[in-house]
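Chains, contacts and geometry: an overview
As a plain string of letters, each chain reads:
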Amino acid sequence: MFSTGTDEIVKRKVFFGSMMFETAKKDNGALGITTGVENPAPLIVLFLLLTAVLALIQIAFRGLKQRREELLKEISGS
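Residues numbered from 1 in each chain as written. Predicted model: local features only at pLDDT ≥ 70, side-chain atom pairs only at ≥ 80, totals over all residues. Heavy atoms only, no water.

**A few points about the side chain of T23**
Looking at the element boundaries, T23 is found in strand β2 (residues 19–25). Among the residues examined, T23 registers a relative accessible area of 10% and is labelled buried. At 2.8 Å, the side chain of T23 and the backbone nitrogen of V10 are in polar contact. (Helix = DSSP H or I, 4+ residues; strand = E, 2+ residues; numbered from the N terminus. Buried < 20%, exposed > 50% of the residue type's maximum accessible area, 1.4 Å probe, protein only. Polar contact = N/O pair within 3.5 Å; in protein donor to acceptor, adjacent residues only side chain to side chain.)

**A closer look at the pairing of β2**
Where strand β1 (residues 11–14) meets β2, four bridges bridge the pair, whose relative direction is antiparallel. Paired with V14 across the bridge in β2 is M19. Hairpin connection from β1 to β2: four residues lie between these consecutive antiparallel strands, with F15 at a positive phi of about 50 degrees. Inspection of the sheet shows β2 paired to strand β3 (residues 31–37) by seven bridges, in the antiparallel sense. In the strand pairing of β3, T23 is matched with I33. Connecting β2 to the antiparallel partner β3 that follows it, the hairpin turn spans five residues, and G29 within it adopts a positive phi of roughly 95 degrees. (Pairing = 2+ DSSP bridges.)

As structure tokens, this is what we get:
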């Protein structure tokens with residue numbers, strides 16, 4: 001992502017165009033890197049998707065934990 005030639009000025013967009021990395025030549029001859037968010041939509045979609053997946057995992061864990069408790073009660077009551 002950051003690899004460029006010695007004097008190349010490059011602008012790269014990553015993660016479906018949501019983030020931008022750009023190199024710029026400075027007055028003293030050095031190269032500077034600028035980063036930013038171009039389009040926040042893919043980042044928002046990723047956040048919502050990860051939140052939904054983590055919520056489903058938590059619900060499944062609670063259900064399995066409850067089922068385990070029920071089975072342990074059955075075994076100890078017999």
